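# Commentary on secondary and tertiary structure
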Amino acid sequence: MQRALNIILFLVFMTGTIITVFILYNKMDTSITTTFIIGYVIFLALYGVWLIIKLAIRLKTISMIQLRKKLLTFLISFLSLSSILFVFNYFFTQTGFEIWDLSIPLGVSFGITFSDLIYKTKQEEISD
């Protein structure tokens, strides 16, 4: 049941993303498209909250050693991606580095490190 819910929510996310990109790329400005995009943003917020709650519950079940390893992986990947972004910004765009530039490395590092906990099933937890 849990796996089916994950698959359905992820498919809704991917379908909504594709439709939203299509709407924005073609600059469609009708009341239906505006309503769809508002609904999609609300879905994204609720889906994000659901994933964070699910992650918090799963973090309680792992050992302290595994948590330290995950935090170290997160820190290393975040610093590496931030450094790469800083170098590219310095050499290619020559614009200043702003605090908002760290949002993408933060999100990618978080996703790389903790996505296995979010989508892990009960059977996989037992085998670990």
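Residues numbered from 1 in each chain as written. Predicted model: local features only at pLDDT ≥ 70, side-chain atom pairs only at ≥ 80, totals over all residues. Heavy atoms only, no water.

### What about the overall build of the chain?
A tally of helices and strands in the chain yields five helices and zero strands. Along the chain, helices and strands appear, N-terminal first, in the series α-α-α-α-α. Sorting the 128 residues of the chain into buried and exposed places 22% on the buried side. Pairs at least 24 apart in sequence give 71% of the contacts found in the chain among residues at least 6 apart. (Helix = DSSP H or I, 4+ residues; strand = E, 2+ residues; numbered from the N terminus. Buried < 20%, exposed > 50% of the residue type's maximum accessible area, 1.4 Å probe, protein only. Contact = heavy atoms within 4.5 Å.)

### A word on the nonpolar core
Counting 11 residues, the largest nonpolar core is built from Leu 9, Tyr 40, Phe 43, Tyr 47, Leu 51, Leu 55, Ile 62, Phe 74, Phe 114, Leu 117 and Ile 118. Elements that contribute at least two residues to this core include exactly α2 (31–59) and α4 (103–118). Per-element tally for this core: the top contributor is α2, with five residues. Apart from residues lying up to four places away in sequence, Tyr 40 is in contact with Phe 13, Gly 16, Thr 17 and Thr 20. (Core = buried A, V, L, I, M, F, W, Y, C linked by side-chain atoms within 4.5 Å.)

### Some thoughts on the packing of aromatic side chains
Across all of its chains, the model carries eight aromatic pairs by this definition. An angle of 10 degrees between the planes, with centres 5.6 Å apart, marks the rings of Phe 43 and Tyr 47 as stacked. Of this pair, Phe 43 and Tyr 47 both sit in helix α2, separated by four residues, roughly a single helical turn. According to the relative accessible area criterion, Tyr 47 is buried, its value standing at 8%. With 5.0 Å between their ring centres and 50 degrees between their planes, Phe 110 and Phe 114 make a pair best called tilted. (Phe/Tyr/Trp six-rings, centres within 6.5 Å; stacked < 30°, edge-to-face > 60°.)

### Structural notes on the environment of Pro 105
Secondary-structure assignment places Pro 105 in helix α4. Taking the C-alpha atoms as reference points, Pro 105 and Ile 84, separated by 21 residues in sequence, lie 9.4 Å from one another. Among residues more than four places away in sequence, those in contact with Pro 105 are Phe 78, Leu 81, Ser 82 and Leu 85.

### A short note on a nonpolar patch on the surface
Together, Ile 84, Phe 86, Val 87, Phe 88, Tyr 90, Phe 91 and Phe 92 make up an exposed nonpolar region whose accessible area comes to about 800 Å². Here Val 87 lies in helix α3 (residues 64–93). Classification of Val 87 by relative accessible area gives partly exposed; the value is 40%. (Patch = residues over 30% accessible without salt bridge, like charges linked within 9 Å, V, L, I, M, F, W, Y side chains within 5 Å. Areas by Shrake-Rupley, 256 points an atom, 1.4 Å probe, with all protein chains shown as cover. Salt bridge = Lys/Arg side-chain N within 4 Å of Asp/Glu carboxyl O.)

### Some details on the pattern of salt bridges
Side-chain pairs of opposite charge can arise where the charged atoms are in close proximity. A full pass over the atoms with the stated rule returns one salt bridge. With a shortest N-O distance of 2.9 Å, Lys 70 and Asp 116 are connected by a salt bridge. Residue Lys 70 is located in helix α3, and its partner Asp 116 is located in helix α4; the two are separated by 46 residues in the primary sequence. With a relative accessible area of 16%, Lys 70 lands in the buried category.

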